[in-house]
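Structure assessment
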Amino acid sequence: MSSTLKVNEISCSSLKTTFVGISGDQVGSDLSDSTLSFVLPNGTTDQRPTTELKGLVGGAARFNTSTNKPEFYDGVFWRNFDGTGNVRMVIGSPSEFRILVLNLPELTYDIVGLGTDGTIAQLHSDVNNDIIVIKSNGQVWRSLDSGNRWSQISGINTSIQVSRTANSKTNQIVVAQSVGLTSCFYSSNGGVSWASTSISYTSTGSINSPTYFSSGNFWILPGKENGDTDPVVFRSTNGGQSWTKVFTSATDGEAVGTAVSISSGRIVLSVRKTGNDFGNAIYSTNSGTSWNTSSDLSVGYGNFADLATNGDIIVSTVNTYGILYKSSDGENWERISTDFTIPPTISSITYNSLIEKFIVVTQSSIIFGDKNAINWQQVEINYDFGTLNCDPLIVEI
């Protein structure tokens, strides 16, 4: 029979003391006995503590059974005891054919060239954790080793537009063709082969960033129509082979950014309006088959640009003014406060469950927010990110 004693604090007045909760033939409680040891709390990467009450404080230590390495929390990231991490951030250059592979939390990076032309349009992680890069010239590249080595695997053989979605853990890929054209390309085998399909508009239009929802196995594709003035949303249930229009509105703007899904089942998209008019969000409660409009943001200038979510909280960038908002339902929004000035050059926002953080990329820095979007830290990077064409992708090493 065994039992567990939980206490808030242990103190001792000598080297001989008992470690509460430690048991086993190989484990000792005598600090003066060099032949014995004590065991750190252990668990998988997914089982890391997520609150201060459970031990998420600077200096916390545990043994990670996913990596078979001891690790500690430095207040921002989990690190191995040698200071290294287990994840990388892959960021595509907006103005050239290179990608930046950034090691976290060390913040060391390598710049890798993919071919000789074309910018980076989409980053994708497939079911094997391989990284797929789609370039603006239609080239498709793959890395099998977390971004160290790359090879070209296929080509779409046409120009494609910015496609901000980094769809993970699926072999389905959908990319949008050039602005003003009415077709997109899709692959069901991780980018090895491709086919195209037409998009039906009321009048001339263009499409933005396709998003895949594994729960329900469907795609959402936002854009604009009627001479590029009215927001529109399309939906596909067959991997992008055909599309149904599920939303349009006679307003001056476009549906943009990444569609996000929250735990309540709602899907939220941002609507960007021209000039300095207020932007707003649209949301769906039935897997994207119909949509409702939320209230305008009362910020006085700018509009929604892009969204990210941890499943419960949505964070939105507001144009390029260095402003962040958050919401739990896509209807009611509040401005996020930080103890530093966010640069007015926000390029991208995403959330990653591996590091449990929101990631905001500005022109020369990366801002990390905790999973509750309360605590934010800014890290300067000696690299000019410019305006990214796609969200960064986090991969395990």
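Predicted, not measured: the structure shown is a model, and the values here were computed from it.

What to know about the overall build of the protein
- In terms of helices and strands, the protein carries 0 helices and 32 strands.
- Classification of the 397 residues of the protein by burial places 52% in the buried group.
- Of the contacts formed within the protein by residues at least 6 apart in sequence, a portion of 41% connects residues at least 24 apart.
- Total accessible area computed for the protein in this model is approximately 18100 Å², and 45% of it derives from carbon and sulfur atoms.

What to know about the side chain of Lys326
- Mapping Lys326 onto the fold places it in strand S26 (residues 324-327).
- Buried within the structure, Lys326 lacks any salt-bridge partner; Glu334 is the closest side chain of opposite charge, at an N-O distance of 4.8 Å.
- Among all residues touching Lys326, those that are not within four sequence positions of it are Ile313, Ile314, Val315, Asn332, Trp333, Glu334, Ile336, Asn372, Ala373 and Ile374.

Description of the sheet that holds strand S10 (residues 139-143)
- If you walk across this open sheet you meet the 4 strands as S8-S9-S10-S11, and the pairing is antiparallel. Both outer strands of the open sheet, strand S8 (120-125) and strand S11 (151-155), are each paired with one neighbouring strand and no more. With direction set aside, neighbouring strand axes in the sheet form an average angle of 25°.

Let's talk about the sheet that holds strand S2 (residues 61-64)
- Across the sheet, which stays open at both edges, the 4 strands sit in the order S1-S2-S3-S4 with mixed pairing between neighbours. Both outer strands of the open sheet, strand S1 (42-43) and strand S4 (78-80), are each paired with one neighbouring strand and no more.
- For strand S3 (residues 69-73) and S4, the ladder comprises 3 bridges, and the chain directions are antiparallel. Looking at the pairing, Phe72 lines up with Arg79 of S4.

Observations regarding the packing of aromatic side chains
- The final tally for this structure, using the stated rule, is 6 aromatic pairs.
- On the numbers, 6.1 Å between centres and 65° between planes, the contact of Phe72 with Phe81 is edge-to-face.
- Given the relative accessible area of 49%, Phe81 is considered partly exposed.
- Following the ring pairs from residue to residue traces out a cluster consisting of Tyr351, Phe358 and Trp376.
- The ring of Trp78 has Arg62 lying over it, and the distance from NZ or CZ to the ring centre is 5.9 Å.
- One residue, Arg235, lies across the ring of Phe218, its end atom 4.6 Å from the ring centre.

Some details on the environment of Gly59
- Position of Gly59 among the secondary structure elements: in the loop between S1 and S2.
- A relative accessible area of 57% places Gly59 in the exposed class.
- The spatial distance from the C-alpha of Gly59 to the C-alpha of Gly75 is 7.4 Å, given a sequence separation of 16 residues.

Structural notes on the environment of Asn226
- Examined against the element boundaries, Asn226 turns out to sit in the loop between strand S17 (218-225) and strand S18 (230-236).
- On the basis of relative accessibility, which here comes to 28%, the residue Asn226 falls in the partly exposed class.
- For the pair Asn226 and Ser206, spaced 20 residues apart in sequence, the C-alpha to C-alpha distance is 9.7 Å.

Looking at unusual backbone geometry
- With an omega of 5°, the peptide bond running from Leu104 to Pro105 counts as cis.
- Position of Pro105 relative to the elements: it lies in the loop between strand S6 (98-104) and strand S7 (109-113).
- In the Ramachandran plot, Leu107 falls in the positive-phi region, its phi being about 65° despite a non-glycine side chain.
- With respect to the secondary-structure elements, Leu107 resides in the loop between S6 and S7.

Concerning the environment of Glu380
- Secondary-structure assignment places Glu380 in strand S31 (residues 376-380).
- Residue classification places Glu380 among the exposed positions, given a relative accessible area of 56%.
- When the C-alpha atoms of Glu380 and Ser365 are compared, they prove to be 4.3 Å apart, with 15 residues separating the residues in sequence.
- Other than its neighbours up to four places away in sequence, Glu380 contacts Ser364 and Ser365.

Here's the deal with the nonpolar core
- Core analysis: the biggest nonpolar cluster contains 18 residues, and Met89, Leu104, Ile355, Ile359, Ile366, Phe368 and Phe385 have the highest contact counts within it.
- Elements with a contribution of two residues or more to this core: strand S5 (87-92), S6, strand S29 (357-361) and strand S30 (365-370).

Regarding the pattern of salt bridges
- The full count for this structure, using the stated rule, is 7 salt bridges.
- Ionic pairing is found between Glu331 and Arg266, a salt bridge with its closest N-O pair at 2.6 Å. Here the residue Glu331 occupies a position in the loop between S26 and strand S27 (334-335), and Arg266 occupies one in the loop between strand S20 (253-261) and strand S21 (267-273), the gap between them amounting to 65 residues.
- The residue Glu356 makes a salt bridge to Lys371 at a minimum N-O spacing of 3.9 Å. Linking Glu356 in the loop between strand S28 (348-352) and S29 with Lys371 in the loop between S30 and S31, this pair joins segments that are 15 residues apart in sequence.
- Using a relative accessible area of 24% as the deciding quantity, one classes Glu356 as partly exposed.
- Taking the relative accessible area as the measure of exposure, Lys371 reaches 27% and is therefore partly exposed.
- Counted as one network, the salt bridges with shared partners bring together Arg48, Arg62 and Glu71.

About the criteria used
- Residues numbered from 1 in each chain as written.
- Predicted model: local features only at pLDDT ≥ 70, side-chain atom pairs only at ≥ 80, totals over all residues.
- Heavy atoms only, no water.
- Helix = DSSP H or I, 4+ residues; strand = E, 2+ residues; numbered from the N terminus.
- Buried < 20%, exposed > 50% of the residue type's maximum accessible area, 1.4 Å probe, protein only.
- Contact = heavy atoms within 4.5 Å.
- Areas by Shrake-Rupley, 256 points an atom, 1.4 Å probe, with all protein chains shown as cover.
- Lys, Arg positive; Asp, Glu negative; His and termini not counted.
- Salt bridge = Lys/Arg side-chain N within 4 Å of Asp/Glu carboxyl O.
- Pairing = 2+ DSSP bridges.
- Axes fitted to C-alpha atoms, helices over the stretch in contact; angles between N-to-C directions.
- Phe/Tyr/Trp six-rings, centres within 6.5 Å; stacked < 30°, edge-to-face > 60°.
- Lys NZ or Arg CZ within 6 Å of the ring centre and 35° of its normal.
- Core = buried A, V, L, I, M, F, W, Y, C linked by side-chain atoms within 4.5 Å.

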